[in-house]
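Chains, contacts and geometry: an overview
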Amino acid sequence: MSKKPICYSTKAYATTGATAPLGATVIERRSPTPSDVQIQIQYCGVCHSDLHYARNEWHFTQYPAVPGHEIVGRVTAVGSGVKKFKVGDTVGVGCLVDSCRTCPDCRSGLEQFCANMVMTYGSTDQHLGTPTLGGYSQSIVVTEDFVLRMPANLNLAAAAPLLCAGITTYSPLRHWKVGPGQKVGIVGLGGLGHMGVKFAKAFGAQVVLFTTSPGKVADGKRLGAHEVVVSTNEAQMAAQAGTFDFILDAVSATHDINAYLNLLKHDGNLVLVGAPEKPLPVAAFPLIFRRRSFSGSLIGGLPETQEMLDFCGQHNITCDIELIRMDEINTAYERMLKSDVKYRFVIDMASLG
Ligand code: NAP
Ligand code: ZN
Ligand code: ZN
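Treat the numbers as computed from the prediction; the structure is a model and nothing was measured. Along each chain, residues carry numbers from 1 onward, in the same order as the chain's sequence is written. A letter from A marks each chain and a number from 1 marks each ligand, given out in the order of writing. In keeping with the predicted nature of the model, local features appear solely for residues at pLDDT of at least 70, side-chain atom pairs appear and are counted solely at 80 or more, and the whole-chain, interface and lining totals rest on all residues. Note that the side-chain values use all heavy atoms of the structure and ignore hydrogens as well as water.

**Concerning the coordination of the zinc ion (ligand 3)**
For the zinc ion (ligand 3), the protein coordination sphere consists of Cys 100 (SG), Cys 103 (SG), Cys 106 (SG) and Cys 114 (SG), at 2.3 to 2.4 Å. For the zinc ion (ligand 3), the 4 donor atoms in the first shell make angles of 103 to 118° at the metal, a pattern classed as tetrahedral. Judged by relative accessible area, Cys 106 falls into the buried class, the value being 9%. The buried label applies to any residue whose accessible area, calculated with a 1.4 Å probe on protein chains only, is under 20% of its type's maximum; exposed applies above 50%, and partly exposed to all values in between. On the basis of relative accessible area, Cys 114 is assigned to the buried category, the value being 3%. A donor here means an N, O or S atom no more than 2.8 Å from the metal, or no more than 3.2 Å when the metal is Na, K or Ca. Since water is not included, a site may seem to lack partners. Angle rules define the geometry names used: all angles between 85 and 135 degrees makes four donors tetrahedral, while opposite donors over 155 degrees apart and all other angles between 65 and 115 make four donors square planar and six octahedral, leaving every other case irregular.

**Let's talk about the site of ligand 1**
Every one of the 30 residues lining ligand 1 counts as a neighbour, but His 48, Thr 211, Thr 212, Ser 213 and Arg 344 are closest to it. In the analysis that follows, any N or O atom pair within 3.5 Å is treated as a polar contact, provided that within protein one partner can donate a hydrogen and the other can accept it, and provided that, for residues neighboring in sequence, both atoms belong to side chains. One of the side-chain N or O atoms of Lys 216 is found 2.7 Å from an oxygen atom in ligand 1. In the model, an oxygen atom of ligand 1 is placed 2.6 Å from a nitrogen or oxygen of the Arg 344 side chain. Secondary structure elements with two or more residues in the shell around ligand 1: helix H1 (48-54) and helix H5 (191-202). Note on definitions. A residue lies near a molecule or strand when any single heavy atom of the residue is within 4 Å of it. Secondary structure is summarised from DSSP: a helix means a run of H or I of at least four residues, a strand means a run of E of at least two, and numbering begins at the N terminus for each.

**Topic: a nonpolar patch on the surface**
Only residues whose relative accessible area exceeds 30% and that take part in no salt bridge are eligible for patches, with like-charged residues grouped when within 9 Å of each other and nonpolar side chains (Val, Leu, Ile, Met, Phe, Trp, Tyr) grouped when within 5 Å. Methods summary: accessible areas were calculated by the Shrake-Rupley approach with a probe of 1.4 Å, and residue burial reflects only the protein chains presented. The rule for a salt bridge is simple: a side-chain nitrogen of Lys or Arg has to be within 4 Å of a carboxyl oxygen of Asp or Glu. A surface patch of nonpolar side chains, about 240 Å² in accessible area, is lined by Leu 110, Phe 113 and Leu 298. Mapped onto the elements of the fold, Leu 298 is located in the loop between strand S15 (293-296) and helix H10 (302-315).

**Re the pairing of strand S14 (residues 264-272)**
Put simply, side chains in a regular strand alternate between the two faces of the sheet. A pair of strands is labelled paired if DSSP reports no fewer than 2 bridges between them. Here 5 bridges tie strand S13 (residues 244-249) to S14, and the two strands are oriented parallel to one another. Residue Phe 246 lies in a different strand from S14, and its bridge partner there is Asn 269. Sheet topology note: the S14/S15 ladder contains 4 bridges and is parallel. Looking across to S15, one finds that Leu 270 is bridged to Phe 294.

**A few points about unusual backbone geometry**
Residue Pro 64 follows Tyr 63 across a cis peptide bond; omega there is -5°. Its location among the elements puts Pro 64 in the loop between H1 and strand S4 (71-78). Tyr 343 follows Lys 342 through a cis peptide bond whose omega is -15°. The phi torsion at Ile 299 lies on the positive side, around 25°, for a residue other than glycine. Structurally, Ile 299 can be placed in the loop between S15 and H10. The buried category is assigned to Ile 299, whose relative accessible area is 10%.

Bear in mind that shape data such as this cannot, by itself, settle questions of function.
What follows is the structure, given as structure tokens:
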């Protein structure tokens, strides 16, 4: 960083503190360098991680904070060295905007494990030296290697949440080779969970959804679950004991993880993608009996994210969304906290005009 790059201003929505609402502001973005792509953001999904981050629930928020990492839009400028994209292309940006490119993880396309990965918000911008700012804004500049191609046949607003909710559920289901002949549980029908149901079904597994919301049973089946269990019903839970090969837990809040470990067969695996603020206590017996595993998974690397987008294009898979205006974001957060979202809010960025 010998000299500060040239910047331009763009409208955004930010919060200045853990208890402050989000509101309109203007932020600086770097003008595209030779390897950069400048994107006019058309839609941005609202991930529960945005809420955790805005409210400093993970204790690393840098204010003012601009959340948003399910970004889709149109290319408005490219640097002189950009090869993969041109002005007018429809593209996406997920949770990562850069990484070191040289470590073994980066070399194998697992940029999400790079010690120096740069997240779309909450990291340090390598060019400006300031905190990275996310997609609740009209424009963003991202190095071309972290920009993804959006399948032309998908509705763009409904495809936006694939950039986080999609890859975060696709990646562990692929990594642990979920498929035909397996009984798979998805816990929590929110943004991630509803994509977990769609992917597990598409991969040929027998899918059981676990929800705390009795009102979501019919939707769970419509989205692809063969069976829906209301997890507050002890008899329904007991009937599932010891029968699962794999369970994906996409719950945003504290809950009893042991209840789900008990549902696994021997050698079964419970994978946590939810990132609640507080630790989830794990009891010894549900793990040591039947040699069960408890694992975690973080988004996915760039090659796998493109693979997931292409898979969705081929199979016509998108998210079930509720389109909102930018100034509805604070209400959307409150509704998300009440599990009242079907099944992802997506911001129409034209409303930030
Ligand atoms: P979301 O849309 O708010 O969905 C969360 C769902 O969890 C709710 O709809 C609800 O489903 C269930 N739930 C909420 N409170 C609960 C409680 N107290 N007990 C039991 N179930 C509860 O959130 P999301 O955007 O899908 O994100 C889910 C979590 O994954 C968040 O913590 C987020 O930060 C994290 N995340 C992780 C990664 C990663 O890379 N690992 C990536 C993205 C997000 P029901 O109504 O069906 O019970
Ligand atoms: Zn996310
Ligand atoms: Zn690296």
